[in-house]
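# Chains, contacts and geometry: an overview
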Amino acid sequence: MNVSGWLADTRSSYDTVAVSYADQLREAIAGEPYLRAALALFADMVHAAGGGPVADVGCGPGHVTAHLHELGVDAFGIDLSPGMIDVARSDHPGLRFEVGTMTDLPLADASVTALLAFWSLIHVPDDEIPAVLGHFRRVVRPGGPLLLGFHVGDESRLKTQGYGGHPMHVHVHRRQPARLTDWLCDAGFTVEAQWLLDLDESRPGAVLFARRQS
């Protein structure tokens with residue numbers, strides 16, 4: 001995979017923190033009832049669509065992929081970081097994980113029933129988002145559901161360390177739901193619902209439920 005610039009920085013940063021990141025997030029979903037509810041609803045949407053493969057894009061150490069699998073979803077993970085994929089394969093040996101980038105998604109057209117990107121768009125620059133969402137639309141079957149999770153805000157910052165103090169070099173972009181909604185509509189998705197999370201916290205979040213237009 002030929003990567004450069006922000007992609008290379010993101011990959012090397014998450015290779016560096018992969019083990020400590022996984023250690024911190026391995027049980028994270030258990031303490032997040034609203035995220036569990038969002039994932040349960042997403043799983044119901046997948047089942048209602050007839051099942052089939054579901055791509056967890058930017059899967060990290062695979063904890064969300066595994067949670068979806070426990071909900072009866074045929075989920076597999078894709079991540080830019082080989083280090084993250086190594087951890088995911090070690091933690092969840094029965095599931096499928098592969099290295100890939102959302103800017104050139106290694107999936108055939110209309111090959112997945114649904115797609116999830118949980119806090120994995122936060123490092124993608126604004127000018128790359130339309131192309132990424134275009135890839136999402138390309139690989140999801142017509143009418144298939146999409147779930148996005150992201151940090152809410154209006155600013156970007158450079159993150160230079162994290163997850164146990166390891167060095168990183170990634171920009172973290174916070175965005176308003178309305179902006180993601182506009183991008184999704186332009187890419188050929190219909191946004192059906194949004195949930196706002198942790199509004200009183202320093203890092204509020206949101207999830208958007210969308211569906212690929214026919």
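The structure this text deals with has already been given above.
Cut-off values and rules
- Each chain carries its own residue numbering, running from 1 in the direction its sequence is written.
- Per-residue local features are limited, in this predicted model, to residues with pLDDT of at least 70; the limit for side-chain atom pairs, both in listing and counting, is 80 or more; totals at the level of whole chains, interfaces and linings are taken over all residues.
- For the side-chain quantities, the full set of heavy atoms in the structure was used; hydrogens and water were omitted.
- What counts as a helix is a DSSP run of H or I of at least four residues, what counts as a strand is a run of E of at least two, and both are numbered from the N terminus.
- Helix span, expected: 1.5 Å multiplied by one less than the number of residues in the helix.
- For every residue, the accessible area obtained with a 1.4 Å probe (protein chains only) is divided by the maximum for its type, and the residue is called buried under 20%, exposed over 50%, and partly exposed between those limits.
- The arc in question is formed by the directions pointing from the helix axis toward the C-beta atoms.
- Contacts: residue pairs with any heavy atoms within 4.5 Å of one another.
- What qualifies as a polar contact is a pair of N or O atoms within 3.5 Å, subject to a donor-acceptor requirement within protein and to the restriction that residues adjacent in sequence count only when both atoms come from side chains.
- To form a nonpolar core, buried Ala, Val, Leu, Ile, Met, Phe, Trp, Tyr and Cys residues must be joined to one another through side-chain atoms within 4.5 Å.
- At least two bridges found by DSSP between two strands are what make those strands a pair.
- To obtain each axis, a line is fitted to C-alpha atoms, and for helices this fit is confined to the stretch in contact; angles are then taken between N-to-C directions over 0 to 180 degrees.

### Thoughts on the environment of Asp198
- Relative to the helices and strands, Asp198 is located in the loop between strand S8 (189-197) and strand S9 (205-212).
- For the pair Asp198 and Tyr34, spaced 164 residues apart in sequence, the C-alpha separation works out to 9.7 Å.

### Description of helix H2 (residues 33-48)
- The first and last C-alpha atoms of H2 sit 22 Å apart over 16 residues, in line with the 22 Å expected at 1.5 Å per residue.
- Those residues of H2 that sit buried are Leu35, Ala38, Leu39, Phe42, Ala43, Met45 and Val46. Buried residues along H2 cover an arc of 160° about the axis, so they all sit on one side. Facing away from the buried side of H2 by over 90 degrees, the exposed positions are Tyr34 and Ala48.
- Next to the buried residues of H2 lie strand S1 (53-57), helix H3 (63-70), strand S4 (114-118), strand S5 (145-151), S8 and S9.
- A positive phi of about 100° marks Gly50, the residue just after H2.

### Quick notes on the side chain of Ser81
- With respect to the helices and strands, the residue Ser81 is situated in the loop between strand S2 (74-79) and helix H4 (82-91).
- The class of Ser81 is buried, set by a relative accessible area of 1%.
- Within the structure, Ser81 has its side chain in polar contact with the backbone nitrogen of Met84 (distance 3.0 Å).
- With residues up to four places along the chain from it excluded, the contact list for Ser81 reads Arg11, Tyr14 and Asp15.

### What to know about the nonpolar core
- Membership of the largest hydrophobic core comes to 32 residues, with the highest contact counts inside it found for Leu115, Leu121 and Phe136.
- Contributions of two or more residues to this core are made by S1, S2, S4, helix H5 (129-139), S5, helix H6 (177-187) and S9.
- Sorting elements by how many residues they give to this core places H5 first, with five residues.
- Residue contacts for Leu115: discarding those within four places in its chain leaves Phe42, Val54, Ala55, Val57, Leu105, Phe136, Val139, Val140, Pro145, Leu146 and Leu147.
- If you look at the next biggest cluster of nonpolar residues, it comprises 20 residues, including Leu39, Val54, Ala114 and Phe118.

### Remarks on the sheet that holds S1
- Spatially, S3-S2-S1-S4-S5-S9-S8 is the arrangement adopted by the seven strands of the open sheet, whose pairing is mixed. Lying at the two open borders of the sheet, with one neighbouring strand each, are strand S3 (97-99) and S8. Looking at each pair of strands side by side, their axes are set apart by 20° on average, direction ignored.
- Sheet topology places S4 next to S5; four bridges connect them, and they run parallel. Pairing of Ala117 across the sheet is with Leu148, part of S5.
- Here H3 sits on the sheet and contacts S1, S2, S3 and S4; the angle it forms with S2, its principal contact strand, is near 175°.

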